[in-house]
Amino acid sequence: MRIISGKYRGMKLAGFEGTEIRPTADRVKESLFNILYGRVAGTRVLDLFCGSGSLGIECLSRGAEFVHFNDISAESTSLLKKNLKKLGEENFAVTNTDYSSCLARAGKFDLIFIDPPYKLDIGIRAIETIGASGLLLSGGTAVFERDRPFEGTVGGLEIIDERKYGKTYLTFFGVSK
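Below: a short report on this structure. If you're wondering where the values come from, they're calculated on a predicted model, not measured in any experiment.

Our next topic: the overall build of the chain. The number of helices and strands found in the chain is five helices and seven strands. Going residue by residue from the N terminus, the α and β elements of the chain occur as α-β-α-β-α-β-α-β-α-β-β-β. Relative to its length of 177 residues, the chain is compact, with a C-alpha radius of gyration of 15 Å against a globular reference of 16 Å. Viewed in the frame of its principal axes, the chain has a C-alpha envelope of about 40 × 35 × 30 Å. Taken over 177 residues, the chain has a buried fraction of 49%. For the chain, the computed accessible surface area is about 8,600 Å², with 49% contributed by carbon and sulfur atoms.

Laid out in structure tokens, this is it:
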């Protein structure tokens, strides 16, 4: 895993051993940030199921004002802290809690990444909570990564785009008008 663009471009990030944890592939991440081009600098970002922190660190590299990283796994937050130490940044917070506790205390964001383990269906509950609680600021984007297309609706949010990359689907949500 590497940082694609910005002030940390090319920096290699520590990753997980084995296949239990699935980081966002570099190709998918590059496509994602091409879509988000020009909408990261100066934003407040939530990387809800952060794993190694690859998505949130990419945002810091591209000038995000603040990134809140969260993961329930102590192994993930330990690896994340190792990756963050390389940056010398201080405009972030790291929490090691379940997604619902994080969302209950997190505040509002311009950009939210929801990338839970595919085998758990907690991403649906997370995006529903984000919509119901108004955690996404007007004009902001929530990106939900999973292994199948999104079906249904989410109160308070609307689907603005969906892309498929191999077995990965990225669904983009905005605040309902």
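Past the structure itself, the notes keep going.
What follows is about helix H5 (residues 122-133). Since one α-helical turn is 3.6 residues long, residues separated by three or four positions face the same way. Its twelve residues place the ends of H5 16 Å apart at the C-alpha level, agreeing with the 16 Å of an ideal helix rising 1.5 Å per residue. Within H5 the residues assigned to the buried category are Ile122, Gly123, Ile124, Ala126, Ile127, Ile130 and Gly131. As for H5, its buried residues are in contact with helix H4 (99-105), strand S4 (109-114), strand S5 (136-146), strand S6 (157-165) and strand S7 (168-175). Gly134 occupies a position one or two residues after H5 and carries a positive phi of about 65°.

Here the focus is the sheet that holds S5. The mixed open sheet is built from seven strands, whose spatial order is S3-S2-S1-S4-S5-S7-S6. The sheet is open, and its two edges are formed by strand S3 (92-95) and S6, each paired on a single side. Here the average twist between neighbouring strands, direction ignored, is 15°. Direction of pairing for S5 relative to S7: antiparallel, over a ladder of five bridges. Of the residues in S7, the one forming a bridge with Glu145 is Leu170.

Relative to the helices and strands, Ile114 is located in strand S4. In this structure the C-alpha to C-alpha distance between Ile114 and Ile57, which are 57 residues apart in sequence, comes to 15 Å. Setting aside chain neighbours within four positions, we find Ile114 in contact with Leu48, Phe49, Gly123, Ala126, Ile127, Ile130, Ala142, Val143, Phe144 and Glu145.

To continue, consider the pairing of S4. Strand residues, when the strand is regular, have side chains that alternate between the two faces of the sheet. Of all six residues in S4, five are buried, a share of seventy percent or more. In this structure, strand S1 (residues 44-47) lies alongside S4, joined through three bridges in parallel fashion. Bridge pairing in S4 links Leu46 to Ile112. Where S4 meets S5, five bridges bridge the pair, whose relative direction is parallel. Within the sheet, the bridge partner assigned to Phe109 lies in S5 and is Leu136. Considered for its hand, the β-α-β crossover made up of S4, H5 and S5 is right-handed.

Moving on: the pairing of strand S2 (residues 66-70). Most of S2 sits inside the fold, with five of its five residues counted as buried. Pairing of S1 with S2, which is carried by four bridges, proceeds in the parallel orientation. Bridge assignment links Val45 to a residue of S2, and that residue is Val67. In terms of handedness, the path from S1 via helix H2 (residues 54-61) over to S2 forms a crossover that is right-handed. Here four bridges tie S2 to S3, and the two strands are oriented parallel to one another. Looking at S3, one finds that His68 is bridged to Ala93. Regarding the hand of the β-α-β motif, the stretch spanning S2, helix H3 (residues 74-85) and S3 is right-handed.

Calculation rules
- Residues numbered from 1 in each chain as written.
- Predicted model: local features only at pLDDT ≥ 70, side-chain atom pairs only at ≥ 80, totals over all residues.
- Heavy atoms only, no water.
- Helix = DSSP H or I, 4+ residues; strand = E, 2+ residues; numbered from the N terminus.
- Rg over C-alpha atoms; globule rule 2.2 N^0.38 Å.
- Buried < 20%, exposed > 50% of the residue type's maximum accessible area, 1.4 Å probe, protein only.
- Areas by Shrake-Rupley, 256 points an atom, 1.4 Å probe, with all protein chains shown as cover.
- Expected span 1.5 Å × (residues − 1).
- Contact = heavy atoms within 4.5 Å.
- Pairing = 2+ DSSP bridges.
- Axes fitted to C-alpha atoms, helices over the stretch in contact; angles between N-to-C directions.
- Right-handed = clockwise from strand over helix to strand, strands pointing away.

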